[in-house]
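Next come the chains, spelled out residue by residue.
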Amino acid sequence: MNDPNVLERMRADWNERAGEDANYYVAFGRREQEEAEFFATGADVVRGLEVDLPRLAGRDAALEIGCGPGRLMRPLSRHFKEIHGVDVSDAMIQLACQRLGTTPNAFPHHSSGSDLKLFPDGKFDFVYSYAVFQHIPSGDVVFQYLREARRVLKTGGILRCQVNGLPPTAKQYDTWAGVRLAPEQILQFALEQDFQLLALEMIQTQYMWITCRKRPSGWVGSLAGRPVEPTALIRSVSNAHTGEAVAPASGPLAALSLWVKALPDECGLNHLTVTVDGRAGRPEYIGVPANDGVQQVNVRLPDEIRTGIVPVEMAWLGQSICAPAWVRIIPPGPAVARLETVTDGVNLLLHQRTESGSLKVTMMEVPHAELFDATIDGKPVREIDSFCSDPILRRFEFNFRMPDGVGPGGHILRLSMGKREFPPMGIEVA
């Protein structure tokens, strides 16, 4: 049962954020963004959602859960006859109505914050959500939304959404740092709801993505004991990140893409097994069939796999569906910390410049976060705080404040990771 106090707190907090600076709280980019800049921040998210549109049988209607002021609805409206959005914040919906005024097939709606009772069963071809469930403090509310998404989807329709997959924390969840969900919870939910799970990506990160196809009620039960003919074919195997014909035994690049022809149409991650040298990997993604019927299947390698040329095998419903393929596994290279970005600690669109008096440094393949150090003009920075945003890629965010006495203008930032020093970098303090 959803706690009405939770829903009211969600509404009140997001109304307050909408009044303070809606664009910032929706896009996390920069304070006081212009409208064009704000809509541009959604471009990568839109492209990621559009990848799943070829899975749809029709494009009559789409629904966004947590539409805010309409950042994603506007560009996605071109793909559907009508697009609807719901949001717990009536202030956000007022903004959406204003900004979508010239988009005649877009319809924002104020909602309760946990259900989709505005819509009948089976109305939508596509339901999606981004950067919404990660702000909901209750797992009950998130799963209620997901159950409602299944109800309003047409049979065969697609749900694509993002949730917070970081490991659980002992801290109490709130309307900003919301509930965290484990991959096992998503796998079990898909089974219970007769969803064909097609993607469970970026697990253990804040941006864990899920793609599901709605199957008829009782579909999961109908799979039990079904015989499977081994008619699929693994055309080739490559590294899921580089496209090369080899993969390291461990580390961030330890993942494979299998290019499979004639994969069973009902094949989903819950009933798919991929073994590498006889050991089970973790399937993460089943792609859209290409014109020649070939689909991409991504799998994370099992831990501590041996090197050499090893067999790759696939089974569905516990039965082999194709002949083995082969791939070369090589020893992993050394972890080398790589600098990704340096931004303002609050306004993330400001690169190598701070207006808030703080900086955020993002690095990949960090061996030990405690080895990080930074100086500005030779002065040690203050209040270094680290956060692991992706344990597989070893991506860390380091936040810190300017040293005392650093005034406006140009300065030199020096970063180090243990004995390794990065080239000096110019930054600007406003």
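These lines cover the structure that appears in this document, whether it is placed above or below. Residue positions are given per chain, counted from 1 along the sequence in the order it is written. Local features in a predicted model are, by the rule used here, given only for residues with pLDDT of at least 70; side-chain atom pairs are given and counted only at 80 or more, and totals for whole chains, interfaces and linings are based on all residues. Calculation of side-chain values draws on the structure's entire complement of heavy atoms; hydrogens and water are dropped beforehand.

### Thoughts on the layout of surface pockets
A volume near 1,900 Å³ is recorded for the largest pocket. Around the largest pocket, the lining is made up of 49 residues, and of these Phe28, Gln206, Tyr207, Leu348 and Glu397 lie nearest the centre. We count a stretch as a helix when DSSP gives it H or I for four or more residues in a row; a strand needs E for two or more, and each element gets its number in order from the N terminus. Among the secondary structure elements, those contributing two or more residues to the lining of the largest pocket are helix 1 (4-27), helix 3 (43-50), strand 18 (338-344), strand 20 (358-364), strand 23 (382-390) and strand 24 (395-401). Three classes are used, and their members are as follows: Ala, Val, Leu, Ile, Met, Phe, Trp, Tyr, Cys and Pro are nonpolar, Asp, Glu, Lys and Arg are charged, and the others, Gly among them, are polar. Its residues placed into classes, the lining of the largest pocket shows 22 nonpolar, 17 polar and 10 charged. The method works on a 1 Å grid over the protein atoms by themselves. A cavity is a set of points holding a 1.4 Å probe that cannot get out, a pocket is an open set with protein on both sides within 12 Å along at least five of seven lines, and residues with an atom within 4 Å of a point line them. Grid points are joined across faces, edges and corners, and a volume is the space filled by probe spheres set on the points. Taken as a whole, the second largest pocket spans an internal volume of roughly 450 Å³. Lining the second largest pocket we find 19 residues, and of these Glu201, Met202, His241, Glu284 and Asn298 sit closest to its centre. Put simply, the parts of the chain that give the lining of the second largest pocket at least two residues each are strand 13 (282-286) and strand 14 (294-300). When the residues that make up the lining of the second largest pocket are grouped by side-chain class, the tally is nine nonpolar, four polar and six charged.

### Details of the sheet that holds strand 23
Only when DSSP finds a minimum of two bridges between them are two strands counted as paired. The four strands lie next to each other as 18-20-24-23, forming an open sheet whose pairing is antiparallel. Looking along the sheet, the strands with just one partner apiece sit at the ends: strand 18 and strand 23. Mean inter-strand twist for the sheet, computed between neighbouring axes without regard to direction, equals 20°. When strand 18 meets strand 20, the two strands line up antiparallel, connected through six bridges. Residue pairing across strands places Arg338 opposite Met364, the latter belonging to strand 20. Orientation is described by axes fitted as lines to C-alpha atoms, over the contacting stretch for helices, and by angles from 0 to 180 degrees between their N-to-C directions.

### Examining the packing of aromatic side chains
Between rings of Phe, Tyr and Trp, where Trp is taken as its six-membered ring, a pair exists when centres lie within 6.5 Å; planes separated by under 30 degrees are stacked, by over 60 edge-to-face, and by other angles tilted. On inspection of all chains with the given rule, the structure shows 15 aromatic pairs. Between Phe143 and Phe189 the ring centres are 5.4 Å apart and the planes differ by 45°, which places this aromatic pair in the tilted class. Taken together, the positions of Phe143 in helix 6 (residues 139-152) and Phe189 in helix 7 (residues 183-192) put the pair 46 residues apart, joining distant regions of the chain. Of the two residues examined, Phe143 and Phe189, each falls in the buried class. With 6.2 Å between their ring centres and 40° between their planes, Phe189 and Phe195 make a pair best called tilted. Of the two residues, Phe189 and Phe195, both sit in the buried class. Exposed residues in this analysis have more than 50% of their type's maximum accessible area, buried residues have under 20%, and partly exposed residues fall in between, with area computed by a 1.4 Å probe over protein chains only.

### A word on the environment of Thr273
For Thr273, the location among the structural elements is in strand 11 (residues 272-276). For the pair Thr273 and Val299, spaced 26 residues apart in sequence, the C-alpha separation works out to 9.5 Å. Ignoring any residue separated from it by four or fewer positions in sequence, one finds Thr273 in contact with Glu313, Met314 and Ala315. Residue contacts follow a heavy-atom distance rule, with two residues in contact if any of their heavy atoms lie within 4.5 Å.

### Observations regarding the pairing of strand 13
Burial of strand 13 is extensive: four of the five residues sit out of reach of the surface. In this sheet, strand 14 lies alongside strand 13 in antiparallel orientation, the contact comprising four bridges. In the strand pairing of strand 14, Tyr285 is matched with Asn298.

### Topic: empty space enclosed by the protein
Space left empty within the atom packing is revealed by a probe, the size of a water molecule, rolled over the atoms. Scanning the entire structure with this criterion turns up two cavities of 30 Å³ or more. Estimated volume of the largest cavity: approximately 330 Å³. Surrounding the largest cavity, 22 residues form its lining, Gly66, Gly68, Asp87, Ala131 and Val132 being those nearest its centre. For the lining of the largest cavity, the element with the highest residue contribution is helix 1, accounting for four residues. Its residues placed into classes, the lining of the largest cavity shows 16 nonpolar, three polar and three charged. Taken as a whole, the second largest cavity encloses approximately 40 Å³ of empty space. Along the walls of the second largest cavity sit Leu146, Leu159, Cys161, Ile186, Phe189, Ala190, Ile210 and Cys212, which together make up its complete lining. Within the residue set of the lining of the second largest cavity, elements represented by two or more residues are strand 5 (153-163), helix 7 and strand 7 (208-214).

### Quick word on the packing of helix 6 against helix 7
The interhelical angle for the contact between helix 6 and helix 7, taken along N-to-C directions, is 35°, at an axis separation of 12 Å. For the pair helix 6 and helix 7, the sense of crossing is right-handed. For the pair helix 6 and helix 7, the contacting residues are Phe143, Leu146 and Arg147 in the first and Gln185, Ile186 and Phe189 in the second. Should the near helix be turned anticlockwise from the far one by less than a right angle, the crossing is left-handed, and should it be turned clockwise, the crossing is right-handed.

### A few points about the pairing of strand 2 (residues 82-87)
A regular strand places its side chains so that they alternate between the two faces of the sheet. Summarising burial for strand 2: five of the six residues are buried, a large majority. The sheet contact formed by strand 1 (residues 61-65) and strand 2 spans five bridges and is parallel. Across the sheet, the residue bridging to Leu63 is His84, located in strand 2. Where strand 2 and strand 3 (residues 106-110) come together, five bridges link them in parallel fashion. Its bridge partner lying in strand 3, Val86 is registered against His109. With helix 5 (residues 90-99) bridging strand 2 and the parallel strand 3, this β-α-β connection has right-handed handedness. Note on handedness: a crossover is taken as right-handed if, strands pointing away from the viewer, the path from the first strand over the helix to the second is clockwise.

### Digging into the packing of helix 1 against helix 5
With their axes 7 Å apart at the nearest point, helix 1 and helix 5 run at an angle of 40° to one another. If you check the angle between helix 1 and helix 5, you find them oblique. Two secondary-structure elements touch here, helix 1 through Arg11, Trp14, Asn15, Ala18, Ala22, Asn23 and Val26 and helix 5 through Asp90, Ala91, Met92, Leu95 and Arg99. Counted by class, the contact of helix 1 with helix 5 contains seven nonpolar, two polar and three charged residues. Relative orientations are named as follows: roughly parallel for angles under 35 degrees, roughly antiparallel for angles over 145 degrees, roughly perpendicular for angles from 65 to 115 degrees, and oblique for any other angle.

### Describing the environment of Ser358
Examined against the element boundaries, Ser358 turns out to sit in strand 20. Taking the C-alpha atoms as reference points, Ser358 and Asn105, 253 residues apart in sequence, are found 42 Å from one another. Beyond its immediate sequence surroundings of up to four residues, Ser358 is in contact with Thr343, Asp344, Gly345, Val346, Phe400, Arg401 and Met402.

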